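Residue-level listing of the chains:
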Amino acid sequence: MILPLGCLSGAEPQPLTFQIIHGLPEGFATSTALAVSGDGRVVAGRSSTDSQTEEAFIWTADEGISSPHAIASSAGSSSLVALSADGSQGVVSRFSEAAGSVWSSTDGLDDLLPLPSFGFSFSNGFDISSDGGRVVGQSSTQSGVHAALWTPGALTVDLGTLPIGSGDLSSTGYAISGDGTIAVGACTAGSNTVAFKWTDDTMTSLGDLPGGDMRSAATGISADGSVIVGWGTDFDGSTGVVFHPGWPEPVGDLDGGETDSQLLDVTADGSMAVGYGTDDSGRQAVIWDPAHGLRRISELLADAGMDLAAWSLTEAVAISDDGDVLVGNGIAPGGTANGWVVRGWSSLIAGGGQAAVIDPVVVRVNVRLAEGLRLGSEMIATVTAEGDSIPVTMTGPMSGGPITRLFYLSRGSTYTFRASLGNWVGLPETTLTLDESTSVDLVLDLDSDGDGLGDTAEEDEYGTDPDLADTDGDGFDDGFEVGAGLSPTDPGEPAEGEPAIDMETPEAISIRFYAAAGVDYEVQSSTDLSHWQALEEVVAGEGRLVELEIVGESPEKRFFRLLRSPGS
């Protein structure tokens, strides 16, 4: 069976980006991605918040990671395991609760009611339809654990089981079609497990591969239910399969290692599926399509020019409806387990090239206390990176001494790195454009005058007044002068109001000057030194270097002057 290869026909090439999902700020910087919305905008999963708790999260490329309030305020560990097409609804598994829940960004949590049963009852959801109207999973019943279907305002539906052998029968629904009419999963009896398809109130077996134990499961389904993926078992081990009516088609495994592959999710049109395979190095994230078979995602990214040599991509768990966004998990260079997101995959597969390839760089942020400071009751430092890409916040205990936090940020982006602990701030606040992996050192200290220099450094290193932002009174605060390589105790540095002029061409002139705080400046030009014309609006000095670009036709001879007056 040959399926069409999905791509964004006629669309502009999208940047191919690889982004890491950092953990929740109060946690251990780890995350596990579990789902992506159909439109590819929202990723969901869980993140460790302490040694005993994991908390559900949502992640977007604009806002980064957060825990929905309705979930965070509930007790115990939780995971967000599935999302609707637009990411506004999802399925929550709460480990300390007897019932799973449907989460809504507007309405909060709504429990999935278990079926009637004897004694202890529970429910758990695993997938949700595109519109969020139906959820499939499992529930306790009077005859064991059965796959179940939930619809708002209707009774919970028992999907039943299959007669596949001796032993207690059970079943679980793992995935549901976009319109919610078809569910797939697995039935179990003793040591036997077989994939099923449920539709029109009827459960049918999807079969297993010949040879080996009877063990198969259906874990992903296309929007209309025509393509179902999962895994089966033969003499060699477990392998990913595409389930056709009456027979499962194996997709094979990677060379080397034991035979162990699975397909976990599929695009809306069924043209691509993602999962994992196994080679000599262990599990590898893979993508499958009928024309190319099973391929390592890391190799395809490397062929496109992405540097991920230090990363280990161990599984791909979800793919957006159009195949443009892949979501998975792996091991970062620092050794932490993190979810990852690839965007722009459709352009890569289409072979038209990408507008850009944006891979991550590692920023090692080291935080320590200034000499002589001692910890009080507050011991948890907060380290942040904010810039023109995803904001990231991490925390760490300072009780054991200096801490290091690793940030995985997009190459070419500009970020400002900060740290804080109570009234102490991390200095110097550092802004970098990230062209390669680097490190940042921040020293926690008091900054009584807010000039960006710690009190300890002002007294012991720079000889400045920790209670006076501008020690030498020249209109430029001490932190700016130190950062610019100037003397914070010499009122003659910098040379305030003396312009420097660069002319790349007669039509492009750059004028730079130091503008003291509390002073207004006006740039004027003349061709004869008699008649002067203002070129820019009045510049209000803020104790910084000002750069003005003068663009346009210029006469052969031109003079400039700078007028200063007390600030308004």
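For the structure given in this document, a descriptive report is provided here. (Residues numbered from 1 in each chain as written. Predicted model: local features only at pLDDT ≥ 70, side-chain atom pairs only at ≥ 80, totals over all residues. Heavy atoms only, no water.)

## Things to note about the sheet that holds strand S8 (residues 101-104)
Reasoning step 1: One open sheet holds the four strands; their spatial order is S6-S7-S8-S9, and the pairing between them is antiparallel. This sheet does not close on itself; its edge strands, each paired only once, are strand S6 (78-83) and strand S9 (108-111). Taken over all neighbouring pairs, the strand axes of this sheet differ in orientation by 30° on average, direction set aside.
Reasoning step 2: Pairing of S8 with S9 involves four bridges; the strand directions are antiparallel. Residue Trp-103 lies in a different strand from S9, and its bridge partner there is Leu-109. (Pairing = 2+ DSSP bridges. Helix = DSSP H or I, 4+ residues; strand = E, 2+ residues; numbered from the N terminus. Axes fitted to C-alpha atoms, helices over the stretch in contact; angles between N-to-C directions.)

## Quick notes on helix H4 (residues 455-462)
Reasoning step 1: All buried positions along H4 are accounted for by Asp-455, Thr-456 and Glu-458.
Reasoning step 2: One or two positions beyond H4, positive phi appears at Gly-463, with a value near 70°. (Buried < 20%, exposed > 50% of the residue type's maximum accessible area, 1.4 Å probe, protein only.)

## So, the packing of aromatic side chains
Reasoning step 1: Using the criterion set out here, one finds 11 aromatic pairs in the structure.
Reasoning step 2: The interplanar angle of 70° and the centroid separation of 6.2 Å between the aromatic rings of Phe-480 and Tyr-514 together place this pair among those described as edge-to-face. Of this pair, Phe-480 sits in helix H5 (residues 478-483) while Tyr-514 sits in strand S40 (residues 508-515); the two residues are 34 residues apart in sequence, bridging distant segments of the chain.
Reasoning step 3: Aromatic side chains Phe-513 and Tyr-521 sit 5.3 Å apart centroid to centroid with 50° between the ring planes, which places their arrangement in the tilted category.
Reasoning step 4: Judged by relative accessible area, which is 1%, Phe-513 ranks as buried.
Reasoning step 5: Note on Tyr-521: relative accessible area 1%, which makes it buried.
Reasoning step 6: The ring of Tyr-276 has Arg-283 sitting right over it, with the charged end atom 3.9 Å from the ring centre. (Phe/Tyr/Trp six-rings, centres within 6.5 Å; stacked < 30°, edge-to-face > 60°. Lys NZ or Arg CZ within 6 Å of the ring centre and 35° of its normal.)

## A few points about the pairing of strand S15 (residues 183-189)
Reasoning step 1: Buried residues dominate S15, accounting for six of its seven residues.
Reasoning step 2: With seven bridges joining them, strand S14 (residues 169-176) and S15 adopt antiparallel strand pairing. Paired with Leu-169 across the two strands is Ala-189, which belongs to S15.
Reasoning step 3: In the sheet, S15 pairs with strand S16 (residues 192-199) via seven bridges, with the strands oriented antiparallel. If you follow Gly-185 over to S16, its bridge partner there is Phe-196.
Reasoning step 4: Count of turn residues in the S15/S16 antiparallel hairpin: two residues, of which Gly-190 carries a positive phi of about 60°.

## Some remarks on the sheet that holds strand S13 (residues 157-160)
Reasoning step 1: The strand order across the open sheet built from four strands is S10-S11-S12-S13, with neighbouring strands paired in antiparallel fashion. Looking along the sheet, the strands with just one partner apiece sit at the ends: strand S10 (123-128) and S13. Across the sheet, the axes of successive neighbouring strands diverge by a mean angle of 35°, strand direction being ignored.
Reasoning step 2: Inspection of the sheet shows S10 paired to strand S11 (residues 135-141) by five bridges, in the antiparallel sense. Bridging from a neighbouring strand, Asn-124 pairs with Gln-138 of S11.

## Observations regarding a negative patch on the surface
Reasoning step 1: On the surface, Glu-459, Asp-460, Glu-461, Asp-465 and Asp-467 cluster together into a negatively charged patch.
Reasoning step 2: Counting through the fold element by element, Asp-460 comes out in helix H4.
Reasoning step 3: Here Asp-460 falls in the exposed class, since its relative accessible area comes to 64%. (Patch = residues over 30% accessible without salt bridge, like charges linked within 9 Å, V, L, I, M, F, W, Y side chains within 5 Å. Areas by Shrake-Rupley, 256 points an atom, 1.4 Å probe, with all protein chains shown as cover. Salt bridge = Lys/Arg side-chain N within 4 Å of Asp/Glu carboxyl O. Lys, Arg positive; Asp, Glu negative; His and termini not counted. Charge placed at Lys NZ, Arg CZ, Asp CG, Glu CD.)

## Thoughts on the nonpolar core
Reasoning step 1: Grouped together as the largest cluster of nonpolar side chains are 42 residues, with contacts concentrated most on Val-327, Val-365, Val-367, Phe-407, Leu-409 and Leu-444.
Reasoning step 2: Top element by residues in this core is strand S31 (residues 360-369). It accounts for five residues.
Reasoning step 3: If near-sequence neighbours (up to four positions away) are discounted, Val-367 is found in contact with Val-383, Met-398, Pro-402, Ile-403, Ala-419, Leu-442 and Leu-444.
Reasoning step 4: If you look at the next biggest cluster of nonpolar residues, it comprises 26 residues, including Leu-300, Trp-340, Val-342 and Tyr-408. (Core = buried A, V, L, I, M, F, W, Y, C linked by side-chain atoms within 4.5 Å. Contact = heavy atoms within 4.5 Å.)

Function cannot be read off these values alone, since they describe shape.
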